[in-house]
Amino acid sequence: MNQNKKNKKLSFNQNVERMVEKAMKVLEIDPGTAAAIQSCNSILQVKFPVKIRGQIEMFTGWRAVHSNHRLPSKGGIRYAPVVNQDEVEALAALMTYKCAIVDVPFGGSKGGLLIDPSKYSRDELQQITRRFTLELCRKGFLSPFYRVPAPDMGTGQREMAWIADTYKHLFPEDINYTACVTGKPVEHGGIRGRVEATGRGVQYVVQEFFRNEDAVKRAGMSGGLDCKRAVIQGLGNVGFHAAKFLSEENGVKFICVIDWDGKVTNSDGINIQDLRNHWIKHKTFRGFSGGVFDEDSVSGLEMDCDLLIPAALESQITIENADRIKAKLIVEAANGPVTYEADKILLKKNVTILPDVYVNAGGVIVSYFEWIRNLSHIRFGRMQRRYEEVRGNSYLNALETLTGKTVPEHFKNDVVRGADELDLVRSGLDDSMRNAFNEIFTTLRDDDRIEDYRTAAFVIAIRKISRSYLDLGIY
Ligand code: GLU
């Protein structure tokens, strides 16, 4: 019986809980506070009918609110053929810790709709999304100041625009209606740089890691990012942007890209943009001329490489394959790609893991900027951009007058140009990611009880959250 219990696979939620408990132990948090932090505050399940092609179809959706210590509670909504309450709760919990780690003043939340979006037309998806939104509004699970969703797997700008529009129709008097959801198209109150944000954040994490010589040495690595060999799993929104930026701007060589039905390999490096274009056209990597395709996708994770970036689903590295992983550094772009048991094995093998709860926070960071933009009703940079240009020109003129020399044309643009919204978003994202990395690294380096980045990240999150519980008291 006990043996059975031991061998039973942990659910996603239990995996997250075990990882958090490891950090709770370090902090010696009392059991009451620990339980208050760990438990999911509320969970909504809805079942609703939609008439599709003349037939009534029932849909099931969830929205979990893990924490309310900061409001609104924030997190994406995923549309997937496999999603359940346990998964949504686990993802909501990760959002709580994620926001705390990168200093985004939100609680954690997550939603899911059980659906295979590829089986429905655009109009049908719109009908389903609007109906789901109605359910969320009616039950108090959607509001600019309280509950604010965002895109996740299977959803994007389009769905967010439908959600905002449905909310607006229900609450036309709410002047802040655009802030009820983030990840919207720019024409509907979205912010520039939100689509690329999570992938861009992954790039900033990796850059910061390689800037830190101690961190590189601790991981048993050396040198910079240029020509490092990488394997990535998943070329969706997050994986694509992370791989594109790392290869085009940092010289990382992607020797393998893994998809659900196979992998592409090329020891000279794969052109990520070309592969993505191929995938958009054919919905498979099969037939891609810039590498060799084979159907054995899982073995890609075990290839000899410097960086392994799981950017697809949870529970991809488990006790089954952890022993065979050869990468020195795992960068968790997906949520929960390494299970608790696999994490222990990898730690013993001295594999460094940069954890999901920090690595993929770029999305919610830029969602935070979008939310502020919506509440302030003004685009970032609108007031300052031309003023900065005028000042830049004055500096240049002064410099040229004083030195009697002319500043070369190619410098001029950089000096004179005022920051636009995208510049500011990227700068804010980079700053948040760098600050968080340094906090996590220092915590890991200075505390002998902590042996990995994940525990260090959770320690930071729990410290911040418990402080807010203790300061405010629980009533
Ligand atoms: N779905 C994204 C995440 O898991 C973004 C959440 C948000 O922007 O609120 O972090």
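Residues numbered from 1 in each chain as written. Predicted model: local features only at pLDDT ≥ 70, side-chain atom pairs only at ≥ 80, totals over all residues. Heavy atoms only, no water.

1. Quick look at the site of the ligand
- The full set close to the ligand counts 14 residues, and K98, K110, P151, D152 and S367 are the nearest of them.
- Within the contact set of the ligand, an oxygen atom lies 2.8 Å away from a side-chain nitrogen or oxygen of K98.
- A distance of 2.7 Å is found between an oxygen atom of the ligand and a side-chain nitrogen or oxygen belonging to K110.
- If the ligand stood free it would expose 290 Å²; the protein chains cover 95% of that surface.
- Looking at the shell around the ligand, the elements that each hand over two or more residues are β3 (73-80), α4 (85-101), β5 (147-151) and α13 (362-376).
- For the shell around the ligand, the residue count by class is four nonpolar, five polar and five charged. (Near = heavy atom within 4 Å. Polar contact = N/O pair within 3.5 Å; in protein donor to acceptor, adjacent residues only side chain to side chain. Areas by Shrake-Rupley, 256 points an atom, 1.4 Å probe, with all protein chains shown as cover. Helix = DSSP H or I, 4+ residues; strand = E, 2+ residues; numbered from the N terminus. Nonpolar A, V, L, I, M, F, W, Y, C, P; charged D, E, K, R; others polar.)

2. Some points on the sheet that holds strand β9 (residues 292-294)
- Pairing is mixed in the open sheet, where seven strands are placed in the order β9-β8-β7-β6-β10-β11-β12. For this open sheet the edge positions go to β9 and β12 (352-354), each flanked by a neighbour on one side alone. Each neighbouring strand pair of the sheet contributes to a mean axis angle of 15 degrees, computed without reference to strand direction.
- Against the sheet, helix α9 (residues 237-250) makes contact with β6 (229-233), β7 (253-259) and β10 (307-310), and its axis sits at roughly 170 degrees relative to β7, the strand it touches most. (Pairing = 2+ DSSP bridges. Axes fitted to C-alpha atoms, helices over the stretch in contact; angles between N-to-C directions. Contact = heavy atoms within 4.5 Å.)

3. Looking at the nonpolar core
- Y97, F209 and Y358 are the most contacted members of the largest nonpolar core, which totals 90 residues.
- No other element matches the ten residues that helix α17 (residues 453-472) contributes to this core.
- With near-sequence residues (within four places) excluded, Y97 lies in contact with V20, I37, Q38, H66, V357, F458, A461, I462 and I465.
- One finds V50, F132, L142 and C180 within the second-largest nonpolar core, a separate group that totals 26 residues. (Core = buried A, V, L, I, M, F, W, Y, C linked by side-chain atoms within 4.5 Å. Buried < 20%, exposed > 50% of the residue type's maximum accessible area, 1.4 Å probe, protein only.)

4. Side note on a nonpolar patch on the surface
- Residues L71, F145 and Y146 make up a contiguous nonpolar surface patch of roughly 290 Å² in combined accessible area.
- Looking at where F145 falls in the secondary structure, it is placed in the loop between α5 (122-138) and β5.
- Assessed through its relative accessible area of 46%, F145 is described here as partly exposed. (Patch = residues over 30% accessible without salt bridge, like charges linked within 9 Å, V, L, I, M, F, W, Y side chains within 5 Å. Salt bridge = Lys/Arg side-chain N within 4 Å of Asp/Glu carboxyl O.)

5. Examining the environment of D414
- When you line up the elements, D414 lands in helix α15 (residues 409-416).
- A relative accessible area of 62% means that D414 is categorised as exposed.
- Taking the C-alpha atoms as reference, D414 lies 40 Å from K283; in sequence the two are 131 residues apart.

6. Quick look at the environment of L114
- Positionally, L114 belongs in strand β4 (residues 107-114).
- Each C-alpha atom, one on L114 and one on H377, is 34 Å from the other, the two residues being 263 residues apart in sequence.
- Not counting chain neighbours up to four residues away, the residues in contact with L114 comprise F59, T60, W62, A80, P81, V82 and V83.

7. Looking at the confidence of the model for the protein
- Of all residues in the protein, 98% attain a pLDDT of 70 or more, and the chain-wide mean is 96.
- Between residues 1-7, whose pLDDT stays under 50, and residues either more than four places distant or in other chains, the model counts zero contacts. (pLDDT = per-residue confidence, 0-100.)

8. Describing the pattern of salt bridges
- Counted by the stated rule, this structure contains 39 salt bridges.
- In this structure, R78 engages E87 in a salt bridge whose closest nitrogen and oxygen atoms are separated by 2.7 Å. Across the pair, E87 and R78 agree in class, each one buried.
- Among the charged side chains, a network of salt bridges with common partners joins R78, E87, K110, D152 and E314.

9. A short note on empty space enclosed by the protein
- Applying the stated criterion across every chain yields a total of one cavity of 30 Å³ or more.
- A per-element tally of the lining of the largest cavity places helix α2 (residues 12-27) first, with four residues.
- Residue composition of the lining of the largest cavity, grouped by class: seven nonpolar, two polar and three charged. (1 Å grid on protein atoms, 1.4 Å probe; cavity = no way out; pocket = protein on both sides within 12 Å on 5 of 7 lines; lining within 4 Å. Points joined across faces, edges and corners; volume = space filled by probe spheres on them.)

10. Remarks on the sheet that holds strand β1 (residues 42-52)
- Spatial ordering of the open sheet is given by β1-β2-β4-β3-β5, a layout of five strands whose pairing is mixed. Two strands bound the open sheet, and with one partner strand each, they are β1 and β5. Sheet twist, expressed as the average angle between the axes of neighbouring strands with direction ignored, equals 25 degrees.
- Bridge count between β3 and β5: five bridges; the pairing is parallel. Residue pairing across strands places G76 opposite A150, the latter belonging to β5.
- In the packing of α5 onto the sheet, the strands contacted are β1, β2 (55-65), β3 and β4, and the crossing angle to β1 comes to about 140 degrees.

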